[in-house]
Amino acid sequence: MKAIRRFTVRTVLPEQLQPLHELALNLRWSWHPETRDLFRSVDPEVWAATGEDPVRLLGEVPAARLAALATDRRFLRRLGDLAEDLREYLAGPRWYQAAQHGLDQPAGGAAQPAAIAYFSPEYGIAAALPQYSGGLGILAGDHLKAASDLGVPLIGVGLFYRHGYFRQSLNRDGWQQERYPLLDPDELAVTLLREGDGAPCRIDLALPGGRTLAAHVWRAQVGRVPLLLLDSDIEANSAAERDVTDRLYGGGSEHRLLQEMLLGIGGVRAVRAYCRLTGHPAPEVFHTNEGHAGFLGVERIRELIADGPAEPGLDFAAALEAVRAGTLFTTHTPVPAGIDRFDRDLVARHFGGDAALPGVPAEQVLALGAETWRGGDPKLFNMAAMGLRLAQRANGVSTLHGAVSRSMFNGLWPGFDAAEVPITSVTNGVHAATWIDPAVVRLGAAEIGADRAEDAMTTGDAKRWTGLERIGNTEIWELRRSLRAQLVDEARHRLRASWRQRGAGEAELGWVSSVLDPDVLTIGFARRVPSYKRLTLMLRDQERLRALLLHPTRPVQIVVAGKAHPADDGGKRLIQQMVAFADDPAVRHRIVFLPDYDMAMARHLYPGCDVWLNNPLRPLEACGTSGMKAALNGCLNLSVLDGWWDEWYDGQNGWAIPTADESGGALDPESGEAERRDDIEAAALYDLIEHQVAARFYDRGADGLPHRWIAMVRHTLVTLGPKVLAGRMVREYVERLYTPAALAQRELAAAAAGPAGPPRGEGSVGAGSERPEAGGRVTVPYAGARELAAWKARVREAWPAVRVEHVEAECPDEAQELGSSLALRVQVALGVLEPGEVEVQVVSGRVDEADGISEACLLALKPVGGPDLDGRTRYEGSLELCRTGPFGYTVRVLPAHPRLASPAELGLVALPAESVGMDAGLLR
């Protein structure tokens, strides 16, 4: 019979063991080895059986065992010490607080934001909280953990998926099978956010037809960082609305739209409720991790218009400026196909009529996501376009991905070269304490000390890693073998379980005990399985691969894992091809496919591999953090120069797989070019493995050690270690993006005396109210936002009259000498604009055969005198000729305002008529 209702009965802990609840409900245990060891000691068998989940452990450990622990003095001392350590971790000052004291603070408060709200559709915190599918979620989880370690006041926001992402298995034919186990929040490290009277906090969104989408809020505590997860599976909803948060990346277009509305709009409301109920400082900066949460900006505009300052109220344009100033958008996709796009009519229906947000007309929402650029689809609503329009600051996730993003989104800034598109980059990082095997940490700590090792992993300060180069060859090699042996044991265990699921009997599986060898060069490949990551590139020449696997003196073994999206039959076929090869009795002891790749598997996989393989189509890997996790454990990377590897490969930390060309995924598959490319790059991969990787691994000295290999491992740990850390990444976000965004937001939110004049004095950072001053004047809230919005409107209206009318240079000869200079005089028509509202620039640099300028340098010209009789203003300057070879220049006019984050922000530029190949007056 089937139960009509399910619930969890929790163990009542003896009073002496109550701190176990405190430790279990803070996910810091997932990256704190001492706490994990404590839980393991409670009952090692139950700990393993519950997937190393403290909450489930405490629910299943026998009462007799708990009673015994309640009188175990040694255990109680450990428990008390760890509980006190957690309290100190949560309350004590860390890097962020120390950095605040070390900065020159502006009058009226700290430069750094009081709080940051971080929105992501998925989070990979721990295998025990399965709310992630792949790299985006793992990155978000590492971001929260690193922020906690650094003391950054982050609030995470996401959705609680009752079925999480799918669990993967294989059938007898190697075809991927999916199952979605139901998650019970009472069995997870989450607590329900409640109002003061004990009732669950409820978030409501209006839907078309008078319906309501309601959600409760679960809070997961990630160290110092609260993570708010909205859950629509509550009795207040109808069946359709209850299923909105059923699973990650499931359902059709409307289902996804509702998820993203709940994440963005509902997420802002959840943050407001959390701050109201707990007293947490309100966020000054909102960070959206990919476009899925983009509607958060629309909700914040609604707040300012409907719930914000008293009269004179903010209009949409001023509210938009106020919201943009404090918003950061991070893009993770290198291809347009990776962006969520919805039918425009569907979005209009959910933001119009009785579902409309007060003060935010549907047409304004639609304009934010419109594909207005050449080649865009006017029938679609683009979430990335909305994210960029709602954020004054944006970034890609590696240096190369930043360049790819600037090119991909160039259409939003017409008239500007891709290099000038205002999208910067912050290269991703990984959370060291989560991904470094404890044995690696112990080896480093033995050389540089435990405190310094912990600080090195937290902050990413390269100086803290100094000293690791002294670790001996023998110690490194013994560590690497033990980690390899650990992976071999784990792989055999998982492989046996997989074959049992595929229908094999125990009598058929004797061969599994001899799979893999702890003394053989081990290559790892594990990631999601979209086509561009090329899971099966290694299978292009199967005979060549067999020869590598079965080499008599230099064998190679490969551990493969990965999931295809449930709707991606192409990806499933790739997995099936890999499994079919790995099932071959001739090679199955040298290559294995392990199903159900997750964080628990990854903890063994990254440390246990000698080489981490990554062979995507360049430049379609935005970052590729799996290779970073491997590198932290002394694993060498073998990768296409894509993502992070493109900027940090130095020839001594691994190998670069040559690519057939630089056109990435632009090859036409119908032409055969893609096939030829794969053949060429697969051949290069085989050559590298045989003649360089395996040759170096098996090149042993008289003492039996591969000294050149060990030198590469040591070099990887010392040089890549501090670079690949999430601590370094979060510090960059704080210093380069969060803090400037907070300062910009304060400037626009500040109040000023008079009718929307420029800000005066320090003012308030919140939504102020109009109040009388002496002489009958009033305090106008958000004066900066009002002034900036009015200025932008004025400039846009006036821009068609802005022209570069004449350029004159004192240039007596066609050929000029290096070090000489050109005196330039430019006549510019400004219409109604003042000289201070524009900047006239000379853009100079090398020119190609088509006169295109590269490696551009900018020179601002200065106005000379007032307008002439024809209303033109003269600008002058001297252009130094600082490089040889073909050289050229042009002149342009840009809007200029001290509150613009980038000269390209408005997407407006005026060029000389002879150099204009586009409509320079187009608006963003």
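Above this text sits the structure in question.
Notes on the structure follow. Since this is a predicted model, take the numbers as computed values, not measurements.

### Re the overall build of the protein
If you tally the helices and strands in the protein, you get 29 helices and 29 strands. A compact globule built from 924 residues would reach a C-alpha radius of gyration of about 29 Å, and the protein, at 30 Å, matches this within 12%. Projecting the C-alpha coordinates of the protein onto the three principal axes gives extents of approximately 100 × 75 × 55 Å. Within the protein, the fraction of its 924 residues that count as buried is 56%. For the protein, contacts bridging at least 24 residues in sequence account for 71% of all contacts bridging at least 6. Just so you have it, the protein exposes about 37,100 Å², and 51% of that area is on carbon and sulfur atoms.

### As for the packing of aromatic side chains
Think of a pair of aromatic rings as described by two things: how far the centres are apart, and how the planes are tilted against each other in angle. In total, this model carries 20 aromatic pairs according to the counting rule given. Through pairs of rings, three or more aromatic residues link up here, namely Trp 477, Trp 655, Phe 697, Tyr 698 and Trp 709.

### Some thoughts on the pattern of salt bridges
Proximity of charged atoms lets side chains of opposite charge pair with each other. Evaluated as defined, the whole model comprises 60 salt bridges. As a salt-bridge pair, Glu 178 and Lys 572 come within 2.9 Å of each other at their nearest N and O atoms. Taken together, the residues span a long stretch of sequence, with Glu 178 in strand β4 (residues 176–179) and Lys 572 in helix α22 (residues 569–582) at a distance of 394 residues. Its relative accessible area of 29% is what places Glu 178 among the partly exposed residues. With a relative accessible area of 6%, Lys 572 lands in the buried category. A salt bridge links Glu 787 to Arg 899, with the shortest nitrogen-to-oxygen separation between them at 3.3 Å. Of this pair, Glu 787 sits in helix α29 (residues 783–798) while Arg 899 sits in the segment after β29 (887–895), placing them 112 residues apart in sequence. Residue Arg 899 is classed as buried on the basis of its relative accessible area, which comes to 18%.

### Digging into the nonpolar core
Counting 108 residues, the largest nonpolar core has Leu 521, Met 538, Ile 558, Ile 591, Leu 605, Leu 638 and Trp 709 as its most contacted members. No other element matches the nine residues that helix α20 (residues 473–501) contributes to this core. Setting aside anything within four residues of it in sequence, one finds Leu 605 in contact with Leu 487, Ala 526, Val 559, Tyr 597 and Trp 612. Formed by 95 residues, the second largest nonpolar core is a distinct cluster that contains Tyr 165, Phe 166, Leu 263 and Phe 316.

### Digging into unusual backbone geometry
For the bond from Arg 618 to Pro 619, the omega torsion is 5°, close enough to zero to count as cis. Its place among the elements puts Pro 619 in the loop between β18 (611–614) and α24 (626–632). In this model, Arg 534 sits at a positive phi of 55°, which is unusual for a non-glycine residue. With respect to the helices, strands and loops of the structure, Arg 534 is situated in the loop between β15 (521–526) and α21 (542–549).

About the thresholds
Residues numbered from 1 in each chain as written. Predicted model: local features only at pLDDT ≥ 70, side-chain atom pairs only at ≥ 80, totals over all residues. Heavy atoms only, no water. Helix = DSSP H or I, 4+ residues; strand = E, 2+ residues; numbered from the N terminus. Rg over C-alpha atoms; globule rule 2.2 N^0.38 Å. Buried < 20%, exposed > 50% of the residue type's maximum accessible area, 1.4 Å probe, protein only. Contact = heavy atoms within 4.5 Å. Areas by Shrake-Rupley, 256 points an atom, 1.4 Å probe, with all protein chains shown as cover. Phe/Tyr/Trp six-rings, centres within 6.5 Å; stacked < 30°, edge-to-face > 60°. Salt bridge = Lys/Arg side-chain N within 4 Å of Asp/Glu carboxyl O. Core = buried A, V, L, I, M, F, W, Y, C linked by side-chain atoms within 4.5 Å.

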